[in-house]
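# Chains, contacts and geometry: an overview
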Amino acid sequence: MKTGASTAEVQVGPMRLTQYPIQVLLIFAKEDNQSNGFWWACDRAGYRCNVAWTLESALECFLDKHQEIIVIDHRNSKYFDAEDICRSIRATELSEHTVILAVVPRTSADQEETSVLPLLDAGFDRQFMENSSVTACYNELVQIEHGEVRSQFKLRACNALFTALDHCQEAVEITSEDHVIQYVNPAFERMMGYCKGELIGKELTELPKSDKNSADLLDNINTFIKKGKEWQGVYYARRKSGDSIQQHVKITPVVGQGGKIRHFVSLKRLHCTNENNKQLYKSHREDKHTGDSSQSESGSYKCKNRRKDSVDVKSITSQSSDAPSLQTRRYSSMARIHSMTIEAPITKVINIINAAQENSPITVAEALDRVLEILRTTELYSPQLGTKDEDPHTSDLVGGLMNDGLRRLSGNEYVFSKNMNLSHTHLPVPNTISDVPPCIAQLLDNEESWDFNIFELEAVTNKRPLVYLGLKVFARFGVSEFLNCSEATLRAWLQVIEANYHSSNSYHNSTHAADVLHATAFFLGKERVKGSLDHLDEVAALIAATIHDVDHPGRTNSFLCNAGSELAVLYNDTAVLESHHTALAFQLTTKDSKYNIFKNIDRNRYRTLRQAIIDMVLATEMTKHFEHVNKFVNSINKPMASEETSPHTDEEKRQGLPVVMPVFDRNTCSIPKSQISFIDYFITDMFDAWDAFAHLPVLMQHLANNYKHWKTLDDLKCKSLRLPSENNN
């Protein structure tokens, strides 16, 4: 492979790959001879080079360019923390194949060289002793390219192989030399009825075996493959449901490290027999009821008769030796199913109404018919939009927020252009809550009050309020104790989450997340709320508030769906941003034990906590607003989800997309009317419900004052106001 700006071909086994020019990211606190040395070295080698001077701009650039090599200045902690920057980059999924180099100060002859272990622990791959010579920098970069970068490039190509395996129709299983399952593809999951998580890491001996194989078959197979020979034959396997199926199996040993057999690859397909037809049909029926498999998936394994897929009636009706046991087993299982009472509450209600209709007058029976029509719909709590006083502002506002905004356009693509001009003055993050600077600590003393000023905290923390407020709030609610994690782990987690909020957003930034966290903590502190929640609920609510808008692009779900963005495609135009916020937050959290706040809790508690967090973040989607309010009013047993709204901006017009909510067209909008409509339709009912439950007279007074304020502006016809580019009610 030739070094330079042109593309190069790389051979990986039988695969021939094309590698494009190397990209390098230089992260330095200021320009000096060392940064210039690496810059000119990149120019000599033909690499594409970017320079970042802050953590925020570095993350933004890396997420945009995905550089193969990153060089971080580790010579002076006065300007920024190089290890924190490295950890933040490693927290992103894209950094898995990136080589990160630390530039360390040169040691004198009488000094003992320091250990590289702290650097490795922080996520660095190598260290470079300070040397501004262009040749020295060039040699270092070229060695990295021909060493780690080339290896990572080959590893990255494995994604294509795994994609092929995932779509392969044959069941594939890969085990270690000790027969520990390392990988199974979706076809294997469908054939055997297991999900991947139930198999990975288990030894083959732990799985149930069919009693239909000969006693020495497994020994014969092991004898073959341990000698490095491939084995093929017919083998009975037991599905998760307990059924035995006959498979044609091919097992191939794979030589790895040390020239020894390190893996066994098994390819499996159904052996075409009538028994397999019956067993698979039965399994498919069961899977259909339990949701384990779709018809199209199971259909790919149906064994067909060679005579134009006709059914062999004689073979099906023949009395084979195992027919009685199969029939007995089938009838007994069906009897168990019919003896069970599986009935949804809504079905019980409908049955009661049907019974009441029989002896009711015609007028009552007709009214009950209309009730039944309503009950049979799938969205009982989602109101149909009606017009209030035929006010177009109200119709636009409520309609736009409640629908998904899908007005289809053909051939419309959109790619985010990210703002690279991010510069936050560096402020050291405290090791513990007691290390907070006095000016910040003084502000945080008032964090339990509803009047706490989040913008003052934003100012004194240089737009990093989430870490500081998070440490204080989480300490007050005993989050570290509940999760059994250290304060250092919690602090690192808050740093990673805040780093993934876009400070270029005027609204959906980490200040907004801190504001929601403060409001959530305020509500959780109310006596009636505390009496309805346990500690897990409180922790879930605080974590959900912290992550609920992480990596928000400053665009609405409607915009992303109309633009055909990657996120909209990934999440099928359904709760696009809310799904992304949750998924990314858990990916960032579990990527590294240094900031994995869940690493010390048991599996059952983690699953319960995770589901609660997911439910809360998904509930912030505005199309579900009325459903949640109505459920809250009817049951008073769940905390109300946050009512974050997402209006559209001028970018819709620039992209040629429809303006889903015309009320937010800056050329025609009336802010007072839109705010009055929003309070009338969204806020009042929700606050009434909260006040009835938690008794919050202060908040009700705030609401009344706000309503009076906007009504006054409307009366004065203050139409000169204009919405900012990225706004929220």
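Throughout, residues of each chain are indexed from 1 in the direction in which the sequence is written. Thresholds applied to this predicted model are a pLDDT of at least 70 for local features of residues and 80 or more for the giving and counting of side-chain atom pairs; totals over whole chains, interfaces and linings are not thresholded and use all residues. Working from all heavy atoms in the structure, the side-chain values ignore hydrogens and water.

## Section: the packing of aromatic side chains
Any two rings among Phe, Tyr and Trp, with Trp reduced to its six-membered ring, count as a pair given centres within 6.5 Å; such a pair is stacked if its planes are under 30 degrees apart, edge-to-face if over 60, and tilted if neither. Under the definition given, this model contains eight aromatic pairs. An angle of 55 degrees between the planes, with centres 5.5 Å apart, marks the rings of Phe162 and Tyr183 as tilted. Within this pair, whereas Phe162 is found in helix α5 (residues 134-167), its partner Tyr183 is found in strand β9 (residues 181-184), the two being separated by 21 residues in sequence. Buried residues are those whose accessible area, probed at 1.4 Å on protein chains only, stays under 20% of the maximum for their type, while exposed residues exceed 50% and partly exposed ones sit between those limits. What makes Tyr183 buried here is its relative accessible area of 10%. For the pair Phe586 and Phe598, a centre-to-centre distance of 5.7 Å together with 25 degrees between the ring planes defines the contact as stacked. You can see Phe586 sitting in helix α25 (residues 576-590) and its partner Phe598 sitting in the loop between α25 and α26 (603-618), a full 12 residues away along the chain. Phe586 sits in the buried class, given a relative accessible area of 7%. Connected via pairs of aromatic rings, a cluster forms that spans Trp450, Phe522 and Phe523. Placement of a charge over a ring requires the Lys NZ or Arg CZ to be within 6 Å of the ring centre, with the centre-to-atom vector within 35 degrees of the ring normal. Over the aromatic face of Tyr138 sits the side chain of Arg44, whose NZ or CZ is 5.2 Å from the ring centroid. Between Lys229 and the ring centre of Phe224, over which it is positioned, the NZ or CZ distance is 5.9 Å. Secondary structure elements follow DSSP: runs of H or I no shorter than four residues count as helices, runs of E no shorter than two count as strands, and numbering proceeds from the N terminus.

## Let's talk about the packing of helix α22 (residues 535-547) against α26
To obtain each axis, a line is fitted to C-alpha atoms, and for helices this fit is confined to the stretch in contact; angles are then taken between N-to-C directions over 0 to 180 degrees. Where α22 contacts α26, the two axes come as close as 9 Å, and the packing angle between them is 50 degrees. Between α22 and α26, the angle is such that the two are oblique. α26 is crossed by α22, and the crossing has right-handed handedness. Note on element contacts: α26 touches α22 through Arg605, Thr608, Leu609, Ala612, Ile613, Met616 and Val617, opposite Leu536, Asp537, Val539, Ala540, Ala541, Ile543, Ala544 and Ile547. Among the residues making up the contact of α22 with α26, the classes are represented as 12 nonpolar, one polar and two charged. The scheme is simple: roughly parallel for angles under 35 degrees, roughly antiparallel for over 145, roughly perpendicular for 65 to 115, oblique for anything else. For a crossing to be left-handed, the near helix must be turned anticlockwise from the far one by less than a right angle; the clockwise case is right-handed. Note on contacts: a residue pair qualifies if any of its non-hydrogen atoms lie within 4.5 Å across the two residues. When residue character is reported, Ala, Val, Leu, Ile, Met, Phe, Trp, Tyr, Cys and Pro are called nonpolar, Asp, Glu, Lys and Arg charged, and the others, Gly included, polar.

## Describing the sheet that holds strand β10 (residues 231-238)
In this scheme, strands are said to pair when DSSP sees at least two bridges between them. Pairing within the open sheet is antiparallel, and its five strands lie in the order β9-β8-β12-β11-β10. Pairing within the sheet leaves two strands with one partner each, and these edge strands are β9 and β10. Strand-to-strand twist in this sheet, taken as the mean axis angle between neighbours without regard to direction, amounts to 30 degrees. Relative to strand β11 (residues 244-255), β10 runs antiparallel, the two sharing eight bridges. In the sheet register, Tyr236 faces β11, and the bridge partner there is Gln246. Contacts from helix α7 (residues 217-226) reach β10, β11 and β12 (261-270) within the one sheet, and its direction differs from that of β10 by about 140 degrees.

## Notes on unusual backbone geometry
The phi angle at Asn462 is positive, at roughly 55 degrees, despite the residue not being glycine. Tracing the backbone shows Asn462 in the loop between α16 (454-460) and α17 (465-476). Notably, Lys463 is not glycine yet its phi reads approximately 65 degrees, a positive angle. Within the fold, Lys463 resides in the loop between α16 and α17. The partly exposed category is assigned to Lys463, whose relative accessible area is 41%.

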